[in-house]
Amino acid sequence: MEVYPAIDLMNGKAVRLYKGERERVKVYGDPLKFAEKFSELVDKIHIVDLDGAFTGRPQNLDVVKRIIEETGLRVQIGGGFRDYNSIARAYEIGVENVILGTKAFDLEFLEMVTQEFPGITVSLDSKAGKVAVRGWTEASEIEVSEAYEMLRRYVNRFVYTSIERDGTLTGVESIEKFWENEEFIYAGGVSSPQDVIKLAKVGFSGVIVGKALYEGAVSLEELVEVAEIAGKEDNRGP
């Protein structure tokens, strides 16, 4: 069970949105400082280029490059990766996983990039059980479980995001496992060690936490410790 601290980037700053709404933004400051702090306890973080998510092309890769070079952190990043060159640029600067959302449903494109780049990850962004796209601004008619079945032919790594809970500190969504052996990471509303334990029991292999860390609702040290214990218990079995 891995804990991935999140850094959401907007105009080069670390921010958080409430339920993914662009107008409800809170600025926290220099993302490099947060990355340095996170690097004391984890070796990999989750980054979202919010400007990229809304414009369709990453806008903050220079910031991401600095984070990688100055902290040594491994990075998974999403937000606006809808063309080949954007993905290639991310891997050039040392990103470990590019996360596709909207463009993942272009299956021809997905097949091409998964053959060329390692670690491509798909984000299943859920709103009332349906997949949302284009920076969460458009809802589709595709059920999240259907999207998973469609896309698992191409990737074995997913991020499941509960949009209604993202940035709310209201706890995690109740969800039953619908995937098989793929790496599945949860995001949205994580605010306590109990949330991590609950997600481990469901079968998630990782958890993304953002606002709870920035607001001091929980410490990263505590979450990492609980995740390690939960992972060992899960591996031990009944």
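Note that the structure is a prediction, hence the values are computed from the model and not measured.

A. Local environment of the overall build of the chain. Helix and strand counts for the chain come out as nine helices and 12 strands. Within the span of the chain, comprising 238 residues, buried residues form 55% of the whole. In the chain, the proportion of contacts linking residues at least 24 apart, taken out of those at least 6 apart, comes to 62%. Counting every atom, the chain has about 11,000 Å² of accessible surface; 43% of that belongs to carbon and sulfur.

B. Just the nonpolar core, in detail. One finds Ile7, Ile45, Val64, Ile87 and Leu100 to be the most contacted residues of the largest nonpolar core, which totals 64 residues. Counting residues per element, this core draws most heavily on helix 3 (residues 61-71), which supplies five residues. Core analysis: the next-biggest nonpolar cluster, separate from the first, contains seven residues, Ala6, Ile99, Ile185 and Ile208 among them.

C. Spatial organisation of unusual backbone geometry. Of note in this structure, Asn11 is not a glycine but carries a positive phi near 55°. The residue Asn11 is located in the loop between strand 1 (2-10) and strand 2 (13-18) in this model.

D. Fine view of the packing of aromatic side chains. On inspection of all chains with the given rule, the structure shows 19 aromatic pairs. Judged by centre distance (5.5 Å) and plane angle (50°), the ring pair of Tyr84 and Phe117 falls under tilted. With a gap of 33 residues between them, Tyr84 in helix 4 (residues 84-92) and Phe117 in the loop between helix 5 (107-116) and strand 7 (121-127) connect regions that are remote in the sequence. With a relative accessible area of 29%, Tyr84 lands in the partly exposed category. Since its relative accessible area comes to 10%, Phe117 is described here as buried. Ring-pair connections join several aromatic residues into one group, and the members of that group are Tyr148, Phe158, Tyr160, Phe178, Trp179, Phe184, Tyr186 and Phe204. Here the guanidinium or amino end of Lys103 rests over the ring plane of Phe109, the centre of that ring lying 5.0 Å away.

E. Just the side chain of His46, in detail. Looking at the secondary structure, you find His46 in strand 4 (residues 44-49). A polar atom in the side chain of His46 sits 2.9 Å from the side chain of Gln76. Setting aside chain neighbours within four positions, we find His46 in contact with Tyr4, Pro5, Ala6, Ile7, Gln76, Ile99 and Ile208.

F. Structural detail: the pattern of salt bridges. Counted under the stated rule, the structure contains 15 salt bridges. Its salt-bridge partner being Glu149, residue Arg152 comes within 3.9 Å of it at the nearest N-O pair. Arg152 sits in the partly exposed class, given a relative accessible area of 27%. Taken together, the salt bridges that share partners define one network made up of Asp43, Lys44, Arg74 and Glu96.

G. Highlighting helix 1 (residues 31-38). Of all the positions in helix 1, only Pro31, Leu32, Ala35 and Phe38 are classed as buried. The arc that holds every buried residue of helix 1, seen down its axis, measures 120°, which confines them to one face. The exposed set on the far side of helix 1, more than 90 degrees from its buried face, consists of Lys33 and Lys37. With a side-chain oxygen positioned 2.9 Å from the backbone nitrogen of Leu32, the residue opening helix 1 is Asp30.

H. Seen up close, the packing of helix 1 against helix 3. Across the interface, helix 1 lies against helix 3 with an axial gap of 10 Å and an inter-helix angle of 35°. Considering how the two elements wind past one another, helix 1 and helix 3 form a crossing that is right-handed. Note on element contacts: helix 3 touches helix 1 through Val63, Arg66, Ile67, Glu70 and Thr71, opposite Pro31, Leu32, Ala35 and Glu36. Considered class by class, the residues forming the contact of helix 1 with helix 3 number five nonpolar, one polar and three charged.

I. Just helix 5, in detail. Those residues of helix 5 not exposed but buried are Phe109, Leu110 and Val113. Axial view of helix 5: buried residues confined to an arc of 100°, hence all on one face. Seen from the buried face of helix 5, the exposed residues on the opposite side, beyond 90 degrees, are Glu108 and Gln115. Next to the buried residues of helix 5 lie helix 4, strand 6 (97-100), strand 7 and helix 6 (144-151).

J. Inspection of the confidence of the model for the chain at higher detail. On average, residues of the chain carry a pLDDT of 88, and 87% of them reach 70 or more. Below pLDDT 50 for its whole length, residues 134-138 participates in 17 contacts with residues either more than four positions away or in separate chains.

Calculation criteria
- Residues numbered from 1 in each chain as written.
- Predicted model: local features only at pLDDT ≥ 70, side-chain atom pairs only at ≥ 80, totals over all residues.
- Heavy atoms only, no water.
- Helix = DSSP H or I, 4+ residues; strand = E, 2+ residues; numbered from the N terminus.
- Buried < 20%, exposed > 50% of the residue type's maximum accessible area, 1.4 Å probe, protein only.
- Contact = heavy atoms within 4.5 Å.
- Areas by Shrake-Rupley, 256 points an atom, 1.4 Å probe, with all protein chains shown as cover.
- Core = buried A, V, L, I, M, F, W, Y, C linked by side-chain atoms within 4.5 Å.
- Phe/Tyr/Trp six-rings, centres within 6.5 Å; stacked < 30°, edge-to-face > 60°.
- Lys NZ or Arg CZ within 6 Å of the ring centre and 35° of its normal.
- Polar contact = N/O pair within 3.5 Å; in protein donor to acceptor, adjacent residues only side chain to side chain.
- Salt bridge = Lys/Arg side-chain N within 4 Å of Asp/Glu carboxyl O.
- Arc of directions from axis to C-beta.
- Axes fitted to C-alpha atoms, helices over the stretch in contact; angles between N-to-C directions.
- Left-handed = near helix turned anticlockwise from the far one by under 90°.
- Nonpolar A, V, L, I, M, F, W, Y, C, P; charged D, E, K, R; others polar.
- pLDDT = per-residue confidence, 0-100.

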